[in-house]
Amino acid sequence: MAEPGTEWWASESFWRKCAIFVTAFMALVLVLLTFHTLTVIAAGSEAGRVPAYSVINHRIGYEFDDERNHMVPVIGPVAPLFGEALDEEAARALVDHGKLTVQARNCMNCHTLLGNGAYYAPDLTKAWLDPGWGNEQARELLMTMFLKDPPANARTFGTGRRMPNPHLTDDEVRAVIAYLKWMSAIDTNGFPSGFTPLPQGDLRGDAS
Amino acid sequence: MTLGGINYHELSFAQRLSVKYFTVAMVLFLAQMLFGLLAGAQFLWPDFLFGVLDFNVNRMVHINAMVVWMLYGFIGSIFWLVEDESGVPLVGPRIAEATFWVLTLAVTVVVVVYLVVQSGPGNQWTLWLINEGREYIEAPRWADIGIVLCMVAIFYNVAGTFVAGRWSGISGVLVLDLIALAGLYLAGMFYTTNLPMDQYWWWWVIHLWVEATWEVLVGCIMAWGLIKTLGARRRIVTTWLYIEVALMFGSGILGLGHHYFWIGTPEYWLGIGGFFSALEPIPLVAMVVHAVYDAGRHSFRSNNHPALAWLIAHAFGNFLGAGVWGFMQTLPQINMYTHGTQWSSSHGHLAFFGAYTTIVVAFIYLAIQRLRGDVWMSAGMDGAWRWKWALALLHIGMVGMSIALLIAGYEQSFVERAVGGSTWQAYFAGQTQPWFVQAMWWRMAFGVLMTAGLVLLLVDFLRAGAQETRPIKSLALPQAAAAGG
Amino acid sequence: MVDPGRIHTFAGAALIGGAMVLFGAGYAIFHALAGLSRSRRFAYISLVSYAALAACALALVPLLDLEGWWLGLIALLLIGYFVAPRFIWRLSLAVHGEGGGPPEGAARPED
Ligand code: HEM
Ligand code: HEM
Ligand SMILES: [Fe+2]
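Keep in mind it's a predicted model, so treat the numbers as computed, not measured. (Residues numbered from 1 in each chain as written. Chains lettered and ligands numbered in written order. Predicted model: local features only at pLDDT ≥ 70, side-chain atom pairs only at ≥ 80, totals over all residues. Heavy atoms only, no water.)

Participant: Just checking my understanding: could you explain the overall build of chain B for this structure?
Facilitator: On a plain count of helices and strands, chain B comes out with 17 helices and 0 strands. Compactness check: chain B gives a C-alpha radius of gyration of 22 Å against a globular reference of 23 Å for 485 residues, within 12% of the reference. Sequence-distant contacts in chain B: of pairs separated by 6 or more residues, those separated by 24 or more amount to 81%. Of the roughly 15,400 Å² of accessible surface on chain B, a fraction of 73% belongs to carbon and sulfur atoms. (Helix = DSSP H or I, 4+ residues; strand = E, 2+ residues; numbered from the N terminus. Rg over C-alpha atoms; globule rule 2.2 N^0.38 Å. Contact = heavy atoms within 4.5 Å. Areas by Shrake-Rupley, 256 points an atom, 1.4 Å probe, with all protein chains shown as cover.)

So, in structure tokens, the structure goes:
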């Protein structure tokens, strides 16, 4: 019903209906998309975008994919973290402890994870693959040493900007590294682009 | 009522409560600035407070203080208008009063724990008691639950008062929006191992707050303010509010997709996020166009110049900070490189300031006018230089800081993201570029300017209208009433 | 779906995108001013702003190597950003009971 002197398309009642309809429709679409997205991003789902936690038993690469035209994580042959293969449940528990530690120590107010967080320190999306760890053989040891005492192992590249010691226990360090390894295997549509991982062994061996 | 005096005891109960909310809001605003300065200083002198108050602690207090003071500003504004809009007194004054004190106590405890305890062992207890470690919503779980309970109590008062009195278009939108706003907070209250899942829901809180429900909330507050201060006609203001809701939710809800490009979520979000967030500037442009229309068509005699100046700042700041700065990085082809750099920080600062700081400050000026016995607050009143300089310093500081951060963001996205491939070394290659380093100095300088502006603003809040004895000019000016708002 | 190749142009593209939205506001504001005043100059400025907006939108295509769906997005931007400010202006008039038509004494916005 248009008010006197007002076109129907400029009337209060028309726009009230519009506001309700548009909001309801967009919310409905979002809910439907959410149902779909949640099945896709479940860890270890068919879609393969978010790997199962036991991916930490494997070598992980990051390579250019011609078909998708950007970089994608590649799950390579078995290469267990700290030489110890874990079943899915144990792997989940370890990664879970790592994530809890990262939240409890508030790492995300210095670093970004998947590009979200703070900009005071490097992005950790591919920290597991960072060339800064030298090579595959040295990596686990160097990461452990660094996280146990970052100021003593500071690099800072001339900035003097060090990471404070988060005083992680040995268990927490291992868990954080497992979490970072799992994170590096998430398919992020090619972010970060152009990242070159540290030298690693074969990615296409027997990928059991 | 004494003109120019403090008429606190002549305010209604709910409005006295508003004054309390505004007071805490401004204390937290000041704290936000101080911790921003500390965090900014650590970019320049990394050893400053190293191991004592590390960057992550300062930054957490900085952004948490911001979220909380803005919410306090909104709640204060709602209590200010609820009795007037409903026509009846607040239904639960004692609950409302108690809620304020409980909420404020909880906020204080949370901040003290952030500063003193800072972090804890990697288990659920830490998330329950100390810190959840998720940007903007770090508050520990106990506080989350407390906040939700306080929100329920506030909601009871607001909705209950409208039920007891009369409803209007504005109060209808307001109440529904409050339900959505509080409901969204629940999406950020659980823990999951799965990081993509975590960030998926985290953005529901952050994005659907600032780009949807907060925008509509300030739309309601502004609608009421326009009716009261400019004598705008209710039917027009309400229609316009509905239009803004349709445009804002129409683009903003699925605009959420611009945060789902790189977190493991499916590829269709690239298209959805790009498309809908490209539409997000439209409601902001609409607001500017409507402001131009009003300014041109009706020669309003505003009796509160500082409030009007900050309202105009809101229309333009919202457009510039959210619309322009947001759009710059919203297409995935660009966001691939700008994602998670100082570019985001530049946008975050300008958008929060332009959209929300401005409107809360404007509303506080409205409240002060009443507190001073409805005096005329003009550009020529005694001590008017204070509000003008505060406005200028805060805006020059904020625009300068955002441009400095944009330059830093350009360097960072180019050197670290695009050329260097975002490794540890590439990160520092970006951080050591001369332009980047200089930008960090400029950010600091502009931050100091802003802080000076804020101090002046707070002084003005205490003094504005104090020497004024001219009463508000009658609002029912014939031509304004005839032409409407 | 998104081509990561364009490392030298994304930042320019970002600024051009920002400029595009600014021109959008210029177009909308001057369109409104043209409707408010008798001046035709505002109407011209408004159209020039839109032309600049369109140039920015089109410049994004080569800069970002847009193809497929993304070309459709640019087309929608060109149309949407043309129509929306006009619609909003008409709505401003109509909501105020100016009947959607031009107020007496004012130049038609399209003139
Ligand atoms: C008042 C409204 C807005 C506010 C307060 C706001 C605030 C913010 C903040 C604080 C961030 C950084 C989040 C983080 O910490 O990671 C952000 C990110 C972002 N915003 Fe907004 N924003 C607003 C509106 C918009 C609009 C309208 C657009 C698009 C047109 C937009 C596009 C983006 C994008 C694409 C990002 C992601 C940046 C990245 O990838 O790092 N924002 N916003
Ligand atoms: C004295 C002035 C200020 C200074 C020195 C300052 C400094 C900072 C610093 C150093 C950060 C961390 C950025 C990073 O992670 O690299 C930050 C983040 C942030 N600040 Fe400020 N700030 C100031 C004022 C403000 C104001 C007035 C607002 C809003 C009203 C604001 C909103 C934010 C937001 C939303 C973030 C998070 C940005 C993001 O994650 O993208 N700041 N600020
Ligand atoms: Fe957003």
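After presenting the structure, the write-up continues.
Participant: Where do I start with the pattern of salt bridges in this structure?
Facilitator: Between side chains of opposite charge, a pair can form when the charged atoms approach closely. In the structure shown here, the tally under the stated rule is 21 salt bridges over all chains. Ionic pairing is found between E136 of chain A and R59 of chain A, a salt bridge with its closest N-O pair at 2.7 Å. Of the two residues, E136 of chain A sits in helix α3 (residues 136-148) while R59 of chain A sits in strand β1 (residues 58-65), which places them 77 residues apart along the sequence. Neither E136 of chain A nor R59 of chain A differs from the other in exposure class; each is buried. Across the pair R141 of chain B and E132 of chain B runs a salt bridge whose closest N-O atoms are separated by 3.4 Å. Residue R141 of chain B is classed as buried on the basis of its relative accessible area, which comes to 8%. Residue E132 of chain B is classed as buried on the basis of its relative accessible area of 1%. Each member of the salt-bridge network shares a partner with another, and the members are R49, R68 and D187 of chain A together with E267 of chain B. (Salt bridge = Lys/Arg side-chain N within 4 Å of Asp/Glu carboxyl O. Buried < 20%, exposed > 50% of the residue type's maximum accessible area, 1.4 Å probe, protein only.)

Participant: What exactly am I supposed to notice about the domain arrangement of chain B here?
Facilitator: Interface size is often expressed as the accessible area that is lost when the parts come together. Residue and element names in this part refer to chain B. Each assigned domain of chain B is listed here: domain 1 (12-166), domain 2 (191-301) and domain 3 (317-473). Taken over C-alpha atoms, the centre of domain 2 sits 19 Å from the centre of domain 3. Each side of the interface is counted separately: domain 2 has 21 residues, and domain 3 has 16 residues. On the domain 2 side of the interface with domain 3, the three residues burying the most area are V218, W262 and L284, jointly 30% of the side's total. On inspection of domain 2 and its partner domain 3, the count reaches 0 salt bridges. Applying the counting rule to domain 2 against domain 3 returns 6 residue pairs in polar contact (both at pLDDT 80 or more). Listing elements by their share of the side of domain 2 that touches domain 3, those giving two or more residues are α7 (195-230), α9 (268-279) and α10 (281-297). For the side of domain 2 that touches domain 3, the element with the most residues is α7, which contributes 9 residues. (Domains from an automatic or database assignment. Buried area = accessible area lost by both parts, 1.4 Å probe. Polar contact = N/O pair within 3.5 Å; in protein donor to acceptor, adjacent residues only side chain to side chain.)

Participant: Would you mind going over the coordination of the iron atom of ligand 2 with me for this structure?
Facilitator: Working reference: metal with six octahedral donors, ideal angles 90 or 180 degrees; metal with four tetrahedral donors, ideal angle 109.5 degrees. Residues and elements named next belong to chain B. For the iron atom of ligand 2, every protein donor is listed as H62 (NE2) and H349 (NE2), and the spread of their distances is 2.0 Å. The site at the iron atom of ligand 2 holds 6 donor atoms, and with the angles between them running 85 to 179°, its shape is octahedral. One end of the pair, H62, is in helix α2 (residues 55-86); the other, H349, is in helix α13 (residues 342-371), with 287 residues separating them in the sequence. (Donors = N, O, S within 2.8 Å, 3.2 Å for Na, K, Ca; no water. Tetrahedral: all angles 85-135°; square planar, octahedral: opposite > 155°, others 65-115°.)

Participant: Got a minute to help me understand the pairing of strand β2 (residues 70-78) of chain A in this structure?
Facilitator: Across a regular strand the side chains alternate sides, sitting on one face of the sheet and then on the other. Residues and elements named next belong to chain A. Burial within β2 is extensive, with 7 of its 9 residues counted as buried. Relative to β2, β1 is paired through 7 bridges, and the arrangement is antiparallel. Across the sheet, E63 pairs through a bridge with V72, a residue of β2. Here β1 folds back onto β2, and the loop between the two strands holds 4 residues, one of which, N69, carries a positive phi near 65°. (Pairing = 2+ DSSP bridges.)

Participant: Which parts of the structure should I look at to understand the interface of chain B and chain A?
Facilitator: Taken together, the contact pairs 81 residues of chain B with 85 residues of chain A. Between chain B and chain A lies a buried interface of about 7,200 Å² when both sides are counted; carbon and sulfur atoms form 64% of it. Along the contact surface separating chain B from chain A lie 3 salt bridges. For R68 of chain A, the salt bridge is made with E267 of chain B, and the minimal N-O distance between the two is 3.2 Å. Our enumeration of links across chain B and chain A arrives at 34 residue pairs in polar contact (both at pLDDT 80 or more). By residue number, the principal contributor to the side of chain B that touches chain A is helix α8 (residues 234-255) of chain B, which donates 11 residues. Of the residues assigned to the side of chain B that touches chain A, the class counts are 39 nonpolar, 31 polar and 11 charged. (Nonpolar A, V, L, I, M, F, W, Y, C, P; charged D, E, K, R; others polar.)

Participant: Sorry, what's going on with a nonpolar patch on the surface here?
Facilitator: Residue and element names in this part refer to chain B. Among the surface-exposed residues, L105, V109, W125, W128, L129, W142, I145 and L149 lie close enough to one another that they form a single nonpolar patch of about 820 Å² accessible area. Contributing elements (two or more residues each) for the nonpolar patch: α3 (93-116), α4 (124-129) and α5 (141-164). Assignment of secondary structure puts W142 in helix α5. Judged by relative accessible area, which is 31%, W142 ranks as partly exposed. (Patch = residues over 30% accessible without salt bridge, like charges linked within 9 Å, V, L, I, M, F, W, Y side chains within 5 Å.)

Participant: Before we go on, may I ask you to explain the site of ligand 1 in this structure?
Facilitator: Taken together, 27 residues are adjacent to ligand 1, and E135, Y136, H339, S344 and H347 of chain B come closest. At the site occupied by ligand 1, nearby residues are drawn from chains A and B. Residue H339 of chain B places a side-chain N or O atom 2.6 Å away from an oxygen atom belonging to ligand 1. In the model, a nitrogen atom of ligand 1 is placed 2.8 Å from a nitrogen or oxygen of the H347 of chain B side chain. Elements that contribute at least two residues to the shell around ligand 1 include exactly α7, α11 (305-328) and α13 of chain B. For the shell around ligand 1, the class distribution of residues is 10 nonpolar, 13 polar and 4 charged. Both of domain 2 (191-301) and domain 3 (317-473) of chain B provide at least three residues apiece to the shell around ligand 1. (Near = heavy atom within 4 Å.)

Participant: Explain the site of ligand 2 to me, please; I cannot follow it from the model alone.
Facilitator: Around ligand 2 sit 31 residues, and of these Y119 of chain A together with R59, H62, E135 and H349 of chain B come closest. The contact in question runs from a nitrogen atom of ligand 2 to an N or O atom on the side chain of H62 of chain B, over 2.7 Å. Y136 of chain B has a polar side-chain atom sitting 3.4 Å from an oxygen atom of ligand 2. Secondary structure elements with two or more residues in the shell around ligand 2: α1 (13-44), α2, α13, α14 (384-419) and α16 (434-463) of chain B. Grouping the amino acids of the shell around ligand 2 by side-chain chemistry returns 16 nonpolar, 12 polar and 3 charged.

Participant: Any chance you could explain the nonpolar core here in plain terms?
Facilitator: Nonpolar side chains tend toward joint burial in soluble globular proteins. Formed by 250 residues in total, the largest nonpolar core has its most connected members in W182 of chain A together with F74, W204, W209, W214 and Y365 of chain B. Not counting the four nearest positions on each side in its chain, W182 of chain A is found in contact with V50, P51, A52, Y53, V55, I56 and V95 of chain A together with T193, N194, L195 and P196 of chain B. Listed in part, the 9 residues of the second largest apolar core include F35, V110, Y114 and A139 of chain B. (Core = buried A, V, L, I, M, F, W, Y, C linked by side-chain atoms within 4.5 Å.)

Participant: Would you take a moment to explain the layout of surface pockets for this structure?
Facilitator: Sizing a probe to match a water molecule and rolling it over the atoms shows the empty space that remains. Considered as a void within the structure, the largest pocket measures approximately 890 Å³ in volume. Lining the largest pocket we find 44 residues, and of these H111, P150, M163, P164 and P166 of chain A sit closest to its centre. Grouping the amino acids of the lining of the largest pocket by side-chain chemistry returns 27 nonpolar, 10 polar and 7 charged. Of the volumes computed, that of the second largest pocket is approximately 700 Å³. In terms of lining residues, the second largest pocket is bounded by 33 residues, among which M222, L226, M287, A291 and D294 of chain B are the most central. Of all the elements in the fold, those that place two or more residues in the lining of the second largest pocket are α7, α8, α10 and α11 of chain B. Residue contributions to the lining of the second largest pocket peak at 8 residues, all from α7 of chain B. When the residues that make up the lining of the second largest pocket are grouped by side-chain class, the tally is 24 nonpolar, 6 polar and 3 charged. (1 Å grid on protein atoms, 1.4 Å probe; cavity = no way out; pocket = protein on both sides within 12 Å on 5 of 7 lines; lining within 4 Å. Points joined across faces, edges and corners; volume = space filled by probe spheres on them.)

Participant: What am I meant to see in empty space enclosed by the protein here?
Facilitator: All names here are of chain B. What the rule picks out here adds up to 11 cavities of 30 Å³ or more. Considered as a void within the structure, the second largest cavity measures approximately 340 Å³ in volume. Broken down by secondary-structure element, the contributors of at least two residues to the lining of the second largest cavity are α2, α3 and α5. A breakdown of the residues in the lining of the second largest cavity according to their chemical character gives 21 nonpolar, 1 polar and no charged.

Participant: In this structure, what is going on with the coordination of the iron atom of ligand 1? I would like to understand it.
Facilitator: All names here are of chain B. Within the protein, just one atom coordinates the iron atom of ligand 1: H347 (NE2), at a distance of 2.0 Å. Distance-wise, the iron ion (ligand 3) is placed 4.2 Å from the iron atom of ligand 1. Relative to the assigned elements, H347 resides in helix α13.

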